[in-house]
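Secondary and tertiary structure notes
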Amino acid sequence: MSKLSDFTVSSPRPLPVILLADVSGSMAENGKIDTLNAAVSEMIATFVEEEATRAEIQVAIITFGGSAARVHTPLKPASEVKWENMAASGRTPMGSAFTTVQQIIEDRQLIPGRAYRPTIVLISDGIPTDDWKTPLELLLGSERASKAMRFAMGIGEEADLVTLKTFLADPASKVFHAHEAREIKKFFRWLSMSVTSRSRSANPNNAVVVEPTDLDDFDF
Amino acid sequence: MAQTTLSFGASIRGPLHLQQGITNQDAWLRAEGSFGSLIVVCDGLGSRPDALLGSRSACLAVREACVRWTRVTGAPVYYLVHLIEVLWRLRIYPCAPPDAATTCLLALALPTGEMVVGGIGDGLVAIRTGDLPVSTIIGDRADSFSNETCALGVSPGMKAWHLTKLPFSHQQRLAVLASDGVADDLNPEKLDDFCDWLIFSFEELHPVQRWHRLVAELRAWPTPRHLDDKTIAVLKVNAEVAGRKR
């Protein structure tokens, strides 16, 4: 083996995907949390099966329910994630989730400069119950975190689409609205395709737009 | 005061461009003359249509700029930057600068024993003086991510440049330049060992053998799923006083 292996890193460039998942009590209704668990598990399995990648897809999951957000799954390669279902209860501390994801993205030991731009996905079925504006302003004002690609999905009729749109901070970006639990899976199919397309592209920093029409009756 | 210098380097096409049938978009140059000893490494931005023109032209523009700049004793370093910018644009004309965008890293050992080192864009510019630890003038991505870089043609003005003049030193000085295909995969904690390896493994080789060996090492790059073109250039300067190397 080349002597260079003594001086180089032994892992591919990371492509981090960080989910901010609402696990407030309302997510327990109408099978939403069960569907979300199944969809996230399926997405991780898709990432693991993806072999033709130029980057190492890494996954972290931050849940927000109860009084504060918590790291449900620390950032690690998808192949190393041991999936455990999320449980829904309590309030919707979305602001706490913004603070947590900012801390993760600004941690250069966790996400080094050689990583490709992270993707942050916000999923919620309700209205934030904590101060979310200040943490979101800090997140969007952060030099590193502001460079992340951001997607958002509102679930059900109670979803606060205005807040989700504010998180995207891009007039051209759309919030995906899942009116029914089954549409959650379609969003994650889209997300899986987007991330794996990025990981296969010449420059994974360029977002690869997968046409939603490629998915059966996908609606957003 | 006199000085002896050694410079060498190599560049290879990365797996992505091999697969796509695209030429190596990196370029490098070594030159010596009355202006001093120079190494340059440029990485044409892969997404740009004239990246190869940009990187090769930048190497030549730097050499021309160094020749002119060193003719005027005491000229400020930012004059050198302006010269490089203008000469590069002249060389690529009528190509639009953004279409030929390229990073540009250089190390110029002046006959005075000073060294001008730095550049614009990502990659690695590492310096070691004597037994001191290696310091990086370019190499820390700070708040950016992979493949995000300033470059000639897309980042106008002095702000995007990190070019500095190091004072005369009686001690041996080593400059290592590398494109991001190398720099991003280097373990920052092993940078001193990497520089040692470059000198101890290649210094004594015949130039042709040295080039072949370095190319072979770059082609056997060990980081999994690496993609980019890879270029390394090394400049070692020994100050000599009364005929003795220091």
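Each remark here, short or long, concerns the structure printed above.
Summary of the structure given here.

Cut-offs applied
- Residues numbered from 1 in each chain as written.
- Chains lettered and ligands numbered in written order.
- Predicted model: local features only at pLDDT ≥ 70, side-chain atom pairs only at ≥ 80, totals over all residues.
- Heavy atoms only, no water.
- Pairing = 2+ DSSP bridges.
- Helix = DSSP H or I, 4+ residues; strand = E, 2+ residues; numbered from the N terminus.
- Axes fitted to C-alpha atoms, helices over the stretch in contact; angles between N-to-C directions.
- Contact = heavy atoms within 4.5 Å.
- Salt bridge = Lys/Arg side-chain N within 4 Å of Asp/Glu carboxyl O.
- Buried < 20%, exposed > 50% of the residue type's maximum accessible area, 1.4 Å probe, protein only.
- 1 Å grid on protein atoms, 1.4 Å probe; cavity = no way out; pocket = protein on both sides within 12 Å on 5 of 7 lines; lining within 4 Å.
- Points joined across faces, edges and corners; volume = space filled by probe spheres on them.
- Nonpolar A, V, L, I, M, F, W, Y, C, P; charged D, E, K, R; others polar.
- Core = buried A, V, L, I, M, F, W, Y, C linked by side-chain atoms within 4.5 Å.
- Phe/Tyr/Trp six-rings, centres within 6.5 Å; stacked < 30°, edge-to-face > 60°.
- Lys NZ or Arg CZ within 6 Å of the ring centre and 35° of its normal.

Okay, the sheet that holds strand S1 (residues 14-22) of chain A next. Residues and elements named next belong to chain A. Strand order in the open sheet formed by six strands is S3-S2-S1-S4-S5-S6, and the pairing between neighbours is mixed. If you trace the sheet from one side to the other, it starts and ends with strand S3 (68-77) and strand S6 (176-178), each paired once. Pairwise comparison of adjacent strand axes, ignoring direction, gives a mean angle of 15 degrees for this sheet. Two strands pair when backbone bridges link them, and S1 and strand S2 (residues 56-65) are joined in this way by nine bridges, in the parallel orientation. Within the sheet, the bridge partner assigned to Leu15 lies in S2 and is Ile57. Most of the contacts of helix H5 (residues 182-200) go to strand S5 (residues 149-155), to which it runs at about 170 degrees, and overall it touches S1, S2, strand S4 (119-124), S5 and S6.

With that settled, the discussion passes to the pattern of salt bridges. Counted according to the given criterion, the structure contains 15 salt bridges over all chains. With its nearest N and O atoms 3.0 Å apart, the salt bridge here joins Asp228 of chain B to Arg13 of chain A. Note that Asp228 of chain B is positioned in the loop between helix H6 (207-219) and strand S10 (230-241) and Arg13 of chain A in the segment before S1, a pairing that runs across two chains. In terms of burial, Asp228 of chain B and Arg13 of chain A fall into one category: buried. For Arg68 of chain B, the salt bridge identified is with Glu64 of chain B, shortest N-O distance 3.3 Å. Here Glu64 of chain B and Arg68 of chain B lie together in helix H2 (residues 51-69), a separation of four residues that amounts to about one turn. Arg68 of chain B sits in the partly exposed class, given a relative accessible area of 44%.

With that settled, the discussion passes to empty space enclosed by the protein. Enumeration over the complete set of coordinates arrives at two cavities of 30 Å³ or more. What the largest cavity holds in volume is close to 70 Å³. Among the residues making up the lining of the largest cavity, the classes are represented as four nonpolar, four polar and two charged.

Residue and element names in this part refer to chain A. Among the six residues that make up S4, six are buried, leaving the element largely enclosed by the rest of the structure. Both faces of S4 are covered, namely the face carrying Thr119, Val121 and Ile123 and the face carrying Ile120, Leu122 and Ser124. Pairing of S1 with S4 involves five bridges; the strand directions are parallel. Among the inter-strand pairings, Val17 is bridged to a residue of S4, identified as Thr119. Two strands pair when backbone bridges link them, and S4 and S5 are joined in this way by six bridges, in the parallel orientation.

Counting 37 residues, the largest nonpolar core has Leu19, Leu36, Val40, Met153, Phe187, Phe188 and Leu191 of chain A as the members making the most contacts within it. Looking at this core, the elements that each hand over two or more residues are S1, helix H1 (32-49), S2, S4, S5, S6 and H5 of chain A. Looking at this core element by element, the count peaks at seven residues for H1 of chain A. Val40 of chain A has contacts with Leu19, Ile61, Trp83, Met86 and Phe188 of chain A, leaving out every residue within four places of it along the chain. Judged by nonpolar contacts, the second largest core, of 34 residues, contains Val62, Trp88, Cys104 and Ile120 of chain B.

Our focus in this paragraph is the packing of aromatic side chains. Under the criterion given, the structure shown has 12 aromatic pairs over all chains. Each ring, one from Phe98 of chain A and one from Phe167 of chain A, has its centre 5.7 Å from the other, and the planes form 5 degrees; the classification is stacked. Of this pair, Phe98 of chain A sits in helix H2 (residues 94-106) while Phe167 of chain A sits in helix H4 (residues 161-168), placing them 69 residues apart in sequence. Comparing Phe98 of chain A with Phe167 of chain A shows no difference in burial state: the two are buried. Between Phe176 of chain A and Trp190 of chain A, the ring centres sit 4.7 Å apart and the planes meet at 45 degrees, which makes this aromatic pair tilted. Pair noted here: Phe176 of chain A is in strand S6 and Trp190 of chain A is in helix H5, with a separation of 14 residues, a long-range link. A residue is classified by how much of its surface remains accessible, and Phe176 of chain A, at 6% relative accessible area, is buried. If you follow Arg213 of chain B out to its NZ or CZ, it ends over the ring of Phe202 of chain B, 5.1 Å from the centre.

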